[in-house]
Amino acid sequence: MLYVHIGLHKTGTSTIQRFFRLNTALTERHGLAFPDLGFDSRTHGGVIAALRDIEKGDASGEAVFEAIDRLADVDGRSYLLSTENFELMPPRRIEMFAERIRRRHDVRVLAYVRDLTRLMPSVYAQRTKKGRNLRDIDTFFAMTEDWKRFRVSELIGRWGEVFGWDKVRVRPLDREALNGGDLVSDAVAAVGLPPPVIEEAPAGTRETFNASPPWEAVETLRAIYAAIDAAGLDWDRLGRSNRVQRKTFSEPGGEQGVVYKINRLEDACAEAAVAAGGGGRVQYLTPEQWSALRALYMAEIEKLNAHLDQPIVIADERAPGERPFLPAYAEIGEPVRRAMAERLLGGPPVTALPQPVADVVRQVLGA
């Protein structure tokens, strides 16, 4: 059996990949391998690169699929391929993929879906901490409410149409619905491994990986990058520094966006927020936003359930009350904000920045 885990994005994919990568010997003893296929990565994104090469007429990409063919030489062993970028493959590329991996393997497709009321704030945090979003959550919501990324029935439907819906399993990222109450236990069960795998694996390998940082860190990063964006700095000159970077990218609608990156600032802000006593829960969505996303999610699940052998069961939830405040740097409690500033200003990465950028950061942090 060859399991193909396609994500989706922001559903704990990195946590699953990390578990199987760190426990390769253990899972192989129980009959499943997480092959490296020669990729210098914890994921199998190289499979997509190979498909692109083949599309361009470069036959060298076929070597990856010959290696996947050879996996079938070991009797009785299953395999797991995983990259959330499988989610983004167009139908034609999925067909190319299927044509090759079904030559010698019985394939099962595994996907996780996340309630959009939790996915939206997570995407906001991800894009903000990476310097790709400078907007507050309300503006971000207005821009992304109709993202195709949220149409999970279409994303997963491409795979059902190519591989057959009887080969597709979709699991909700919902603690109450997950086997064992956690994502790793659920993934282990989904690929046919027995419960002892979880019991034998080191506890540290089951921990959540790449989780969203505290909201105080997210909003501090947004404030810093927005101030840098507004400062009119000489980027031709600053571009020679590897401490801070500015690049352009295309928004989903075709609009050009800007991404900023200060080396290690993301981790430094998260560490400072935790050290300062931050990290509590904050409400990002208004009741109206929550209800719109919830309705869309339920409609998407209904479309998926029309095809799935094992329907997705979604627990009832009620909309939150009125949002106390619009999350922003100014809304961080004074003691936490002051402690974060002291920690950030006292060491790298801020002290290592070019002077013009460091001055902007100090101004934001109140120094």
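Above this note sits the structure.
Residue indices follow the written sequence of each chain, beginning from 1 at its first position. Per-residue local features of the predicted model are confined to residues with pLDDT of at least 70, and side-chain atom pairs are confined, for both listing and counting, to 80 or more; whole-chain, interface and lining totals are unaffected and use all residues. Calculation of side-chain values draws on the structure's entire complement of heavy atoms; hydrogens and water are dropped beforehand.

Student: Teacher, can you tell me more about the layout of surface pockets here?
Tutor: Once rolled over the atoms, a probe with the size of a water molecule shows which space is left empty. Of the grid points, spaced at 1 Å and generated over the protein atoms alone, those admitting a 1.4 Å probe that cannot get out make up cavities, while open sets with protein on both sides within 12 Å along at least five of seven lines make up pockets; any residue with an atom within 4 Å of a point is treated as lining. Grid points are joined across faces, edges and corners, and a volume is the space filled by probe spheres set on the points. Approximately 170 Å³ is the volume found for the second largest pocket. Around the second largest pocket sit 13 residues that line it, and R108, K167, V168, R169 and Q310 are the ones nearest its centre. Under the DSSP-based scheme used, a helix requires at least four consecutive residues in state H or I and a strand at least two consecutive residues in state E, with every element numbered from the N terminus. Taken together, the elements giving at least two residues each to the lining of the second largest pocket come down to β4 (107-113) and β5 (168-172). Residue composition of the lining of the second largest pocket, grouped by class: seven nonpolar, one polar and five charged. Classification used: nonpolar for Ala, Val, Leu, Ile, Met, Phe, Trp, Tyr, Cys and Pro, charged for Asp, Glu, Lys and Arg, polar for all others including Gly.

Student: Quick question: what am I supposed to make of the packing of aromatic side chains here?
Tutor: In this description, a pair of aromatic rings is defined by centroid distance and the angle of the planes. Only Phe, Tyr and Trp rings take part, Trp by its six-membered ring, and two of them pair if their centres are within 6.5 Å. Stacked means planes under 30 degrees apart, edge-to-face means over 60, and tilted covers everything else. Counted under the stated rule, the structure contains twelve aromatic pairs. Taking 6.2 Å as the distance between ring centres and 25° as the angle between the ring planes, the aromatic pair formed by F20 and F34 counts as stacked. With F20 in helix α1 (residues 13-22) and F34 in the loop between β2 (32-33) and α3 (46-55), this pair connects stretches of sequence that are 14 residues apart. Take F20 and F34: they sit in the same class, and that class is buried. Plain terms: the ring middles of W159 and F163 are 5.8 Å apart, the flat faces sit at 10° to each other, and that makes the pair stacked. Placement of the pair is W159 and F163 together in helix α8 (residues 152-163), with a separation of four residues, close to one helical turn. W159 gets classed as buried once you look at its relative accessible area, which sits at 0%. Buried means the residue's accessible area, taken with a 1.4 Å probe over protein chains only, is under 20% of the maximum for its type, while exposed means over 50%, and partly exposed covers the values in between.

Student: Quick question: what am I supposed to make of the pattern of salt bridges here?
Tutor: Two side chains carrying opposite charge are able to pair once their charged atoms lie near each other. What makes a salt bridge here is a side-chain nitrogen of Lys or Arg within 4 Å of a carboxyl oxygen of Asp or Glu, nothing more. Under the counting rule described, the total for this entry stands at 22 salt bridges. The residue K167 makes a salt bridge to D106 at a minimum N-O spacing of 3.4 Å. Here the residue K167 occupies a position in the loop between α8 and β5, and D106 occupies one in the loop between α5 (91-101) and β4, the gap between them amounting to 61 residues. Notably, a salt bridge pairs E317 with R118, separated by 3.1 Å at the nearest N-O pair. Note that E317 is positioned in the loop between α14 (287-305) and α15 (334-345) and R118 in helix α6 (residues 116-129), a separation of 199 residues in sequence. For R118, a relative accessible area of 33% translates into the label partly exposed. Through salt bridges that share partners, D115, R118, R294 and E317 make up one connected network.

Student: Sorry, what's going on with the pairing of strand β3 (residues 78-82) here?
Tutor: Successive side chains on a regular strand alternate, one facing one side of the sheet and the next facing the other. Extensive coverage of β3 is indicated by the burial of five of its five residues. By the alternation rule, side chains of β3 split into S78, L80 and S82 and Y79 and L81, which are all buried. Two strands form a pair only when DSSP identifies at least two bridges running between them. As paired strands, strand β1 (residues 2-5) and β3 are joined by four bridges and run parallel to one another. Counterpart to V4 in the pairing with β3 is L81. Sheet topology places β2 next to β3; two bridges connect them, and they run parallel.

Student: Help me out: how do you make sense of the environment of Y112 in this one?
Tutor: Summarising the element assignment, Y112 is placed in strand β4. Note: C-alpha distance between Y112 and V170 (58 residues apart in sequence) is 5.6 Å. The contact definition used throughout considers only heavy atoms, calling two residues in contact when any of these lie within 4.5 Å. Those residues within four positions of Y112 in sequence are excluded, and the remaining contacts are H5, G7, L8, T11, I16, R171, L178, L183, D186, A187 and A190. Here a polar contact means two N or O atoms within 3.5 Å. Within protein one must be a hydrogen donor candidate and the other an acceptor candidate, and residues neighboring in sequence count only if both atoms are side-chain atoms. Here the side chain of Y112 touches A187 through a polar contact of 3.2 Å, landing on its backbone nitrogen.

Student: What should I look at first to understand the side chain of S185 in this one?
Tutor: Inspection of the secondary structure assignment puts S185 in helix α9 (residues 183-190). Look at S185 and you get buried, because its relative accessible area is 13%. Discounting residues that sit within four places of it in the chain, S185 has contacts with N179, G180 and I198.

Student: For this particular structure, what's the right way to read empty space enclosed by the protein?
Tutor: The tally for this structure, following the rule as stated, stands at one cavity of 30 Å³ or more. In this model, the largest cavity occupies a volume close to 50 Å³. Along its surface, the largest cavity is lined by V113, D115, R118, P172, L173, D174, R294, Y297, I314, A315 and E317. Tallied by class, the residues present in the lining of the largest cavity amount to six nonpolar, no polar and five charged.

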